Amino acid sequence: MATDHAPPTSSPPADEAPLRVLLPQVLPALAVGVGAALLFLGISALAEKFQHVLWNDLPDALDIGGRSSLWIISVLTAAGIAVGLVIWKVPGHAGPDPAAMGLGGPPLAPGIVPGLLLASTLTLAGGVSLGPENPIIAANIALAFWLGRKAAPTLPGAFWVSLASAATIGALFGTPVAAALVISEALVGRPGRGSLWDRLFAPLVAAGAGSMTTQLLAEPSFDMDLPPLTDPGWGDLLAALAIASVAALFGLAACYLFPSVHAAFRRLRHPMLMLPVGGLVLGLLGALGGHLTLFKGLDEVKELTASIGGWSSGELAKLAVVKLAALVVAASCGFRGGRIFPAVFVGAAFGMLAQALVPEVHPAVAVSSGVLGVLLATTRQGWISLFVAAVIAGSPAMLALLCLASLPAWLVVTGRPQLELDEQGNALH
């Protein structure tokens, strides 16, 4: 999920006044922003309803505990069978191998989108350790590119791609700031006319529309209700530096394992073998780790951090290892989903482990630094990692610590394998 895979943005021609170029971009950007958010919210709502049926209604009707090992193994295996059928039989096969897909990328054919969204919905509802971000961004890019080129064929395709990408990121995180950071990172080294803010103008309008739509309809929150750190000291800085760097090493373990695990599943060749076997392995991991290691992880992070001090170091180590293993398996065997949200859970569990081992470390420092390190390793998105860690910390005083902590953690991960493969199955660096 490196930034050089993010879509480029369009820029105004040099011989036109910026105002005359930028104003006509507002309405298309607003339309794409609202549409992208509605698609994200619709898929999320559908997945949540189906999840409630699978994990609450059905086990209650059968008088089986929804958190029992037998039910966890059964549902995840069934999810593998269902997603395998979609990939096998639905036109478009739910898109390319997700192991080689990052945030954004070239537009898919519109005929692939229904299968991709169906596979993503089943993945989310079935308890698989993946988030919605990659499939939703890919679907919105495909639809915006297809519809935009029909509505305004004179506009460059990259314009619609950048709007859809920014709008979806804004909707996912409930703020346009995340989209602005990602797009700014993508623009580094790319040729283009006009100032940075000219080039960011339309994507930011789309991101703002997407985030406002999400805020009005769903009220998303990354607030973990951690105790605020109001007066950080040298000890807090040292702890942040150490935890972020060690967490990055922990996250890199997944990146090194990823090609081998992916190759093992590819040897099964058929989606009706790869996905059910992957679902079974995920079910066994879920039975080992418990219900907190299931699903995309955002709600589970809130439940985890609500009991800081109530977990033993052994329990937290198990949660972090099992969730990281589940992320690698889910991303390797063909389930459609993203890696950011489960990586947040891994980082939070790792940070809480550090705090359990050294109780003098402030919880906000431990959790946010753990999230920062794991996200840097697994996404290679520096700004997204810093943004998510800062939001989770919930304290403005933490921002300076996290900025400094990101530097040694980045030295740990830069140039190392990523949690993304090329088309030949080799790890990107």
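It should be noted that the structure appears before, not after, this text.
Calculation criteria
Residues numbered from 1 in each chain as written. Predicted model: local features only at pLDDT ≥ 70, side-chain atom pairs only at ≥ 80, totals over all residues. Heavy atoms only, no water. Helix = DSSP H or I, 4+ residues; strand = E, 2+ residues; numbered from the N terminus. Rg over C-alpha atoms; globule rule 2.2 N^0.38 Å. Buried < 20%, exposed > 50% of the residue type's maximum accessible area, 1.4 Å probe, protein only. Contact = heavy atoms within 4.5 Å. Areas by Shrake-Rupley, 256 points an atom, 1.4 Å probe, with all protein chains shown as cover. Lys, Arg positive; Asp, Glu negative; His and termini not counted. Charge placed at Lys NZ, Arg CZ, Asp CG, Glu CD. Core = buried A, V, L, I, M, F, W, Y, C linked by side-chain atoms within 4.5 Å. Expected span 1.5 Å × (residues − 1). Axes fitted to C-alpha atoms, helices over the stretch in contact; angles between N-to-C directions. Parallel < 35°, antiparallel > 145°, perpendicular 65-115°, else oblique. Nonpolar A, V, L, I, M, F, W, Y, C, P; charged D, E, K, R; others polar. Left-handed = near helix turned anticlockwise from the far one by under 90°. Phe/Tyr/Trp six-rings, centres within 6.5 Å; stacked < 30°, edge-to-face > 60°.

A. Structural view of the overall build of the chain. When helices and strands are counted, the chain shows 16 helices and zero strands. Against the 2.2 N^0.38 benchmark of 22 Å for 429 residues, the chain shows a C-alpha radius of gyration of 21 Å, consistent with a compact globule. C-alpha extents for the chain along the principal axes are approximately 65 × 55 × 40 Å. Within the span of the chain, comprising 429 residues, buried residues form 57% of the whole. In the chain, once contacts between residues fewer than 6 apart in sequence are set aside, the share between residues at least 24 apart is 79%. Carbon and sulfur atoms make up 67% of the accessible area of the chain, which totals about 17,000 Å². Side chains of the chain carry 20 positive and 24 negative charges; the gap between the two charge centres is 12 Å.

B. Fine view of the nonpolar core. With 137 residues, the main nonpolar core has Phe 173, Leu 282, Leu 304 and Val 388 as its most contacted residues. Residue contributions to this core peak at 13 residues, all from helix 9 (residues 234–266). Non-local contacts of Phe 173, meaning those with residues more than four positions away in its chain, are made with Ala 178, Phe 222, Ile 340, Ile 384, Phe 387 and Val 388.

C. Spatial organisation of the environment of Leu 130. Mapped onto the elements, Leu 130 comes out in the loop between helix 4 (113–125) and helix 5 (133–151). Residues Leu 130 and Phe 295 lie 165 residues apart in sequence; the distance between their C-alpha atoms is 6.6 Å.

D. Quick peek at helix 12 (residues 313–333). Taking 1.5 Å of rise per residue, the 21 residues of helix 12 would be expected to cover 30 Å, and the 30 Å separating its terminal C-alpha atoms lies within 8% of that figure. Once helix 12 ends, the next one or two residues include Gly 334, with phi positive near 120°.

E. Structural view of the environment of Thr 123. Relative to the assigned elements, Thr 123 resides in helix 4. Judged by its relative accessible area of 0%, Thr 123 falls in the buried class. Once the C-alpha coordinates of Thr 123 and Gly 286 are considered, the two residues, 163 residues apart in sequence, prove to be 14 Å apart. Ignoring sequence-local partners within four residues, the contact set of Thr 123 consists of Val 83, Val 128, Leu 130, Phe 335 and Arg 336.

F. Representation of the packing of helix 3 (residues 69–89) against helix 4 in the model. Direction vectors running N to C along helix 3 and helix 4 enclose 175°, while the axes themselves pass 9 Å from each other. Taken together, the axis directions place helix 3 and helix 4 in an arrangement best described as roughly antiparallel. Here Ala 82, Val 83 and Val 86 of helix 3 come into contact with helix 4, specifically with Gly 115, Leu 118, Ala 119, Leu 122 and Thr 123. Broken down by class, the residue content of the contact of helix 3 with helix 4 amounts to six nonpolar, two polar and no charged.

G. Examining the side chain of Gln 25 more closely. Tracing the backbone through its elements, the reader meets Gln 25 in the loop between helix 1 (18–22) and helix 2 (26–61). When residues no more than four places from it in sequence are discounted, the contact partners of Gln 25 are Phe 159, Phe 201 and Ala 202.

H. Broad picture of the packing of helix 2 against helix 3. Remark: helix 2 packs on helix 3, axes separated minimally by 11 Å, with the N-to-C direction vectors making an angle of 125°. What the angle tells us is that helix 2 and helix 3 run oblique. Classified by chirality, the crossing of helix 3 by helix 2 is right-handed. Together, Leu 54, Trp 55, Leu 58 and Pro 59 of helix 2 and Trp 71, Ile 72 and Val 75 of helix 3 make up the contact between the two elements. Class assignment for the residues of the contact of helix 2 with helix 3 results in seven nonpolar, no polar and no charged.

I. Local environment of the packing of aromatic side chains. Going through the model one piece at a time under the given rule, you end up with five aromatic pairs. Between Trp 55 and Phe 295, the aromatic rings sit 5.4 Å apart at their centres with planes inclined by 75°, giving edge-to-face as the arrangement. Of the two residues, Trp 55 is situated in helix 2 and Phe 295 in the loop between helix 10 (271–289) and helix 11 (298–305); the sequence distance between them amounts to 240 residues. Accessibility assignment for this pair places Trp 55 and Phe 295 in one class, buried. Ring geometry for Phe 173 versus Phe 387: centroids 6.0 Å apart, planes at 90°, classification edge-to-face.

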